[in-house]
Amino acid sequence: MAIFYNEETKTFYLEGKGISYVFGINETNFPEHYYFGTRIGRDELRYTTEHNIGDSADTALPGQIHAGGKSYNLYRSEFSFYGNGELRECSFSMLFGSGSRINDFNYETHEILPEKPALSGMPSMRGGETLKLTLKDKNSEMRVHLFYTVYDDAAVVARRMEVENRTAESVKILRAYSFALDVYGNDHDLLTLENAWGRENRPERTHLPHGTLMIDEKSGSSTRHHAPAFALLDRDTTEERGNALGVSLIYSTSFVLKAQVSTKGYTRLTGGINDFDFCWVLDAGETFATPEAVLAFSDEGIGGMSREFHDAYRNHLINPRYVKKPRPIVINSWEAVYFDPSPARLMPIIDAVKGTGIDTFVLDDGWFGARRNDRAGLGDWVVSKDVYPEGLAPIIDHAHKAGMKFGIWFEPEMVNPDSDLFRAHPDWAISVPGVEPCVARRQLVLDITRADVRDYIVEAVSKILRENEIDYVKWDFNRALTENFSRALPAEREQELHHRYALGFYDICERLVNGFPHIFFEGCAGGGGRFDPAVLYYFPQIWASDDTDAYMRTQIQHGTSIFYPLSAISCHTSICPNHQTNRTLPFKTRADIAHLGATGYELDTTKITSEEIGEVKTQVADYKEMQDLVLEGDLYRLENTFESNYFAQMIVSKDKSRAHITVMRALCRPNDEHKRIFPRGLDKNAIYEVVNEEYELKMRLSGAAIMNVGLVINLKTLDQKMPGDFKTFIFKLVKIA
Ligand code: DGJ
């Protein structure tokens, strides 16, 4: 049993892989948090709720004369609401018709469900035993339902909330976060990922002062400025050791995450839908559901927390049809030809890598309507007669004859003002009548809160997919939402736009992904601008960044892997000098780094040497050998180039019988210090054969020796043969005894 309720002490014990999440219904009938962390027994933890006599800010509960330790401002809340004494960050607030914003929610009932009920209209984790806790407002017929799900194969708790309006009037939901949690301690660090085009997912670690630290997104996309995730760390937590409590939102639009250090020695974590410019009208009888938040815990540091997220998302989120299956190894046209994807340019690019093992050709932007540059054509999903007079059939046949499947690019949510679609339906773009909208990349966003717009998109994309032999779709999304207004919504519902946009996006994904089950979808948003678990639910991998420079990629992939499995991170080998940084790195390095994810190529293959084409063949064969580790293995981040001249990532098979280690030395320094890396995750009692094929190195070492003594990188044999910047060293480990 994963969820246990002690009726006598009114305590809930939620037990996932190696973790306990414990809370109880206290003497004033309020759910109070006791503990989330490493698995403990089913101890009585109510003693932790003894509160000090409150100061004057700690208002007594309604109807009581003296706080005496019973104040909403003192409770360690599972859910918190406005009014009645709560003066910290609330996870919920609403407006009644009377103008009152005051709630007083208390325990009403609960159910333990053997299987998690599906969350309608939004992606969420699949399966898992679930607790549904219902709270009732003392002053009205409002209810909230808190959902908690645990899993025996990942140390996570999935949480979400539903608000049910059982009153007779319409009310307004002003804030409805997915979760709230008060963690013991006021001396934590917060790990966040800053996001910007070309340098996505840069980790930042901040010591939390008293007060509230918030990251949020107002752009209508989940990741333009911050990943929708953070982690609370003990001060001494490192990559390998210490407590790490991560939160990741399964949500694709504007979000907020907050960490508030209170004056009582607790840190409140909360967040979900961004309540900036948000107001949801909830009519009588209706229920509003929040997106799901996934809370992971590990006492094995940031790396341990990452592995829990990876297992959770691989086992319960990403489409099971694809998640552990070998991925297409693509050659993508974008960096090769940009807006000139004519058959005459592309066919030789395909021919050059025929027989190398690259198995999918992806036609990126520029194949449709008047899309000869980024100024026109978005929205017109018809094959351009100028570029493809005979349609797509010749290029598709050409790819097939070269032994490749065919993939194609769409940006379905967007429209250029210079397009037939916009000329026919100017009101389909998100904008306010009479107000000049701002354009970004010369495009506007389609109002997919509208069913007619969604139907158009689904039909236009489906037609191309039906009429052509297509096996792969790259789904792009290149700008933020700004003039947030739908012509189809009544005035009082305009602030529902971002959430409705997400629901519209999920509806389109649902219809296309299920309508074309043989097609593999990849997400993209001008690089990693919408890299979130909700997108991963539909699209098993996401283009992590337009920055294909392998050095920059060591950083981007490091940061992205903190919350997402390697198999979700799409990575390509590109040409040098690199188009984003003008840097030149060895061809092998570019491939070795791209192999730490869903790999592919994106370059004009007619411009590389025949030796390099030969290398592609070897690289693809190498990748196929390690691909199961990328798809299913445990990741250990051994070094990163934010902190070190070296980058090292290691992937270990679940049974610890094989491992792959990629090390990159950024700058070559003559007479450098001896460098060792310390692999992790091996069976310390086993004997492994350690091989570096490039330098004909073969050693037999115990797991204990490898992990404690380390592997030396700049051995003479390894290093002096070919010094240089950005060199990679690959170690393959196989258990032999
Ligand atoms: C942005 C993407 O990130 C690129 O990979 C490429 O698809 C372009 N859009 C095409 O316009």
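As the structure is a prediction and not an experimental result, all values here were calculated from the model. (Residues numbered from 1 in each chain as written. Predicted model: local features only at pLDDT ≥ 70, side-chain atom pairs only at ≥ 80, totals over all residues. Heavy atoms only, no water.)

### Some thoughts on the overall build of the protein
Our working definition: Secondary structure is summarised from DSSP: a helix means a run of H or I of at least four residues, a strand means a run of E of at least two, and numbering begins at the N terminus for each. C-alpha atoms define the radius of gyration, and 2.2 Å times the number of residues to the power 0.38 defines the globule rule. Working rule for contacts: check all heavy atoms of both residues, and any pair within 4.5 Å makes them a contact. Accessible areas in this description were obtained via Shrake-Rupley with a 1.4 Å probe; residue shielding takes into account the shown protein chains only. Charge counting treats Lys and Arg as positive and Asp and Glu as negative, with His and both chain ends excluded. By convention, the point assigned to a charge is CZ for Arg, NZ for Lys, CD for Glu and CG for Asp.
Helix and strand content of the protein: 13 helices and 38 strands. Relative to the 2.2 N^0.38 estimate, which gives 27 Å for 737 residues, the radius of gyration of the protein is 27 Å and therefore close to what a compact globule would have. With respect to the three principal axes, the spread of C-alpha positions in the protein is 85 × 70 × 40 Å. Put simply, 69% of the contacts in the protein that link residues at least 6 apart link residues at least 24 apart. Here the protein displays about 26,000 Å² of accessible surface, and carbon together with sulfur accounts for 51% of that area. Treating the 82 positive side-chain charges of the protein as one cloud and the 105 negative ones as another, the clouds have centres 2 Å apart.

### Observations concerning the pattern of salt bridges
The test is simple: Salt bridge, as used here, is a side-chain nitrogen of Lys or Arg placed within 4 Å of a carboxyl oxygen of Asp or Glu. A simple rule labels every residue: compare its accessible area, found with a 1.4 Å probe on the protein chains alone, to the largest value its type can have, and call it buried under 20%, exposed over 50%, or partly exposed in between.
Scanning all chains against the criterion turns up 61 salt bridges. A salt bridge links Lys-588 to Glu-694; the shortest N-O distance between them is 3.5 Å. A residue pair is termed long-range when its members are at least 10 positions apart, and Lys-588 in helix α10 (residues 587-594) and Glu-694 in the loop between β35 (687-692) and β36 (697-702) qualify at 106 residues. Salt-bridge contacts for Lys-732 lead to Glu-625; the nearest nitrogen and oxygen are separated by 3.5 Å. Placement of Lys-732 in strand β38 (residues 727-735) and of Glu-625 in helix α11 (residues 610-632) is noted, with a sequence separation of 107 residues between them. Classification of Lys-732 by relative accessible area gives buried; the value is 15%. Taking relative accessible area as the criterion, Glu-625 reaches 47% and is therefore assigned partly exposed. The network of salt bridges with common partners includes Glu-86, Arg-88, Asp-182 and Arg-268.

### Some points on the packing of helix α9 (residues 550-560) against α10
Pairs of packed helices are described in terms of their axes, by the angle between the two and the distance that separates them. Worth spelling out the cut-off: To define axes, lines are fitted to C-alpha atoms, for helices over the stretch in contact only, and angles between the resulting N-to-C directions are given on a 0 to 180 degree scale. By definition in this entry, angles of less than 35 degrees are roughly parallel, angles greater than 145 are roughly antiparallel, angles of 65 to 115 are roughly perpendicular, and the rest are oblique. Crossing handedness: left-handed means the near helix sits turned counterclockwise from the far one by under a right angle, and right-handed means the same turn made clockwise. Amino acids outside the nonpolar list (Ala, Val, Leu, Ile, Met, Phe, Trp, Tyr, Cys, Pro) and the charged list (Asp, Glu, Lys, Arg) are all regarded as polar, and Gly is one of them.
Relative orientation of the contacting elements α9 and α10 amounts to 15°, with a least axis distance of 9 Å. Classified by the angle between their axes, α9 and α10 sit roughly parallel to one another. As for the relative orientation of α9 and α10, their crossing is left-handed in sense. Residues Ala-550, Arg-553, Thr-554 and Gln-557 of α9 form the contact with α10, whose participating residues are Thr-589, Arg-590 and Ile-593. Its residues assigned to classes, the contact of α9 with α10 comprises two nonpolar, three polar and two charged.

### Thoughts on the site of the ligand
Stated formally: If a single non-hydrogen atom of a residue is within 4 Å of a molecule or strand, that residue counts as near it. Two N or O atoms count as a polar contact when they lie within 3.5 Å, although within protein this holds only if one can serve as hydrogen donor and the other as acceptor, and sequence-adjacent residues are included solely when both atoms are side-chain atoms.
If you check the shell around the ligand, you find 13 residues, and the closest are Asp-364, Asp-365, Lys-474, Asp-476 and Asp-546. Contacts to the ligand include Asp-365, whose side-chain N or O atom sits 2.6 Å from an oxygen atom. Here an oxygen atom of the ligand and a side-chain polar atom of Trp-409 are 3.0 Å apart. Protein contacts shield 98% of the accessible area of the ligand, which totals 290 Å² for the unbound molecule. The residue makeup of the shell around the ligand, split by class, is four nonpolar, three polar and six charged.

### Observations regarding empty space enclosed by the protein
A probe matching the size of a water molecule, rolled over the atoms, marks out where space remains unfilled. Here is the rule we go by: Of the two site types, the cavity is a set of points on a 1 Å grid over the protein atoms alone where a 1.4 Å probe fits but cannot get out, and the pocket is an open set with protein on both sides within 12 Å along at least five of seven lines, each lined by residues with an atom within 4 Å of a point. Grid points are joined across faces, edges and corners, and a volume is the space filled by probe spheres set on the points.
Enumeration according to the criterion identifies three cavities of 30 Å³ or more in this entry. Lining the largest cavity are Thr-548, Ala-550, Arg-553, Gln-557, Cys-571, His-572, Arg-590, Ile-593 and Ala-594. Those elements that provide at least two residues to the lining of the largest cavity are α9, β29 (569-574) and α10. Taken together, the residues of the lining of the largest cavity break down into four nonpolar, three polar and two charged.

### Observations concerning the sheet that holds strand β31 (residues 634-639)
Test applied: The criterion for strand pairing is that DSSP finds at least two bridges linking the strands in question.
Taking strand neighbours across the sheet as the criterion, the six strands line up as β31-β32-β33-β38-β35-β36 in an open arrangement whose pairing is antiparallel. Of all strands in the sheet, those with a lone pairing partner are β31 and β36, marking the two edges. Ignoring strand direction, the axes of neighbouring strands in this sheet form an average angle of 20°. The strands touched by α9 within the sheet are β31, β32 (646-652) and β33 (658-665), with β32 carrying the most contacts at an inclination of about 50°.

### Quick word on a nonpolar patch on the surface
Rules: Patch definition: residues above 30% relative accessible area lacking any salt bridge, with like charges linked at up to 9 Å and the nonpolar side chains Val, Leu, Ile, Met, Phe, Trp and Tyr linked at up to 5 Å.
A surface patch of nonpolar side chains, amounting to about 200 Å² of accessible area, comprises Ile-687, Val-734 and Ile-736. Within the element layout of this structure, Ile-687 appears in strand β35. Note on Ile-687: relative accessible area 31%, which makes it partly exposed.

### Section: the sheet that holds strand β28 (residues 541-543)
The strand order β21-β22-β23-β26-β27-β28-β29-β30 describes a closed barrel built from eight strands, whose pairing is parallel. Between one strand and the next, the sheet's axes are offset by a mean angle of 30°, whatever the strand orientation. Note that strand β21 (residues 330-332) and strand β22 (residues 360-363) share three bridges and pair parallel. In the strand pairing of β22, Val-330 is matched with Thr-360.

### Some details on the environment of His-398
Along the chain, His-398 turns up in helix α4 (residues 393-401). Separated by 66 residues in sequence, His-398 and Asn-332 have C-alpha atoms that sit 15 Å apart. A distance of 2.7 Å separates polar atoms of two side chains, one belonging to His-398 and the other to Asp-351.

### Considerations on the packing of aromatic side chains
Threshold: Two rings from Phe, Tyr or Trp (for Trp, the six-membered ring) form a pair when their centres are within 6.5 Å of each other. A pair whose planes differ by under 30 degrees is stacked, one over 60 is edge-to-face, and the rest are tilted. For a Lys NZ or an Arg CZ to count as sitting over a ring, it must be within 6 Å of the ring centre and within 35 degrees of the ring normal.
Applying the stated criterion across every chain, the model contains 47 aromatic pairs. Ring centres 5.7 Å apart and planes at 90° place the aromatic pair Tyr-72 and Tyr-75 in the edge-to-face group. A single burial state applies to Tyr-72 and to Tyr-75, both of which are buried. If you follow Arg-42 out to its NZ or CZ, it ends over the ring of Phe-4, 4.4 Å from the centre.

### Section: the nonpolar core
Applicable threshold: Remark: nonpolar core denotes a set of buried residues (Ala, Val, Leu, Ile, Met, Phe, Trp, Tyr, Cys) joined through side-chain atoms within 4.5 Å.
Counting residues in each nonpolar core, the largest one holds 193 residues, and the members touching the most others are Phe-92, Met-125, Ile-173, Phe-361, Trp-367 and Ile-408. Top element by residues in this core is helix α7 (residues 497-515). It accounts for nine residues. Counting residues in hydrophobic clusters, the runner-up holds 23 residues, among them Ala-686, Ile-706, Leu-711 and Leu-733.

### Topic: the domain arrangement of the protein
Often the size quoted for an interface is simply the accessible area lost on bringing the parts together. How we decide: Per the annotation, domain bounds derive from an automatic or database assignment of domains.
Assigned domains within the protein: domain 1 (86-316), domain 2 (330-632) and domain 3 (646-735). Placing the centre of domain 1 and that of domain 3 at their C-alpha centroids yields a distance of 40 Å.

### Quick notes on unusual backbone geometry
Each neighbour pair has its own omega, and for Cys-576 with Pro-577 the value is 0°, a cis peptide bond. Take Pro-577: it is sitting in the loop between β29 and α10. For Asp-277, which is not glycine, the phi dihedral falls at a positive 55°. Assessed through its relative accessible area of 37%, Asp-277 is described here as partly exposed. Although it is not a glycine, Arg-442 adopts a positive phi angle of roughly 60°. Secondary-structure assignment places Arg-442 in the loop between α5 (420-424) and β25 (444-445).

### Points about the state of the cysteines
Here is the rule we go by: Any two cysteine sulfur atoms within 2.5 Å of one another count as a disulfide.
Under the defined criterion, the tally for this structure stands at zero disulfides. The thiol of Cys-279 is unpaired, and the distance to the nearest cysteine sulfur, on Cys-90, comes to 16 Å. Using a relative accessible area of 8% as the deciding quantity, one classes Cys-279 as buried. Just so you know, Cys-571 is unpaired, no disulfide at all, and the nearest cysteine sulfur is the one on Cys-524, 13 Å from it.

### Side note on the packing of helix α3 (residues 343-352) against α4
Two elements in contact, α3 and α4, have axes whose closest approach is 10 Å; the angle formed by their N-to-C orientations is 10°. If you check the angle between α3 and α4, you find them roughly parallel. Together, Pro-343, Leu-346, Met-347, Ile-350 and Asp-351 of α3 and Pro-394, Ile-395, His-398 and Ala-399 of α4 make up the contact between the two elements. In terms of residue class, the contact of α3 with α4 is made up of seven nonpolar, one polar and one charged.

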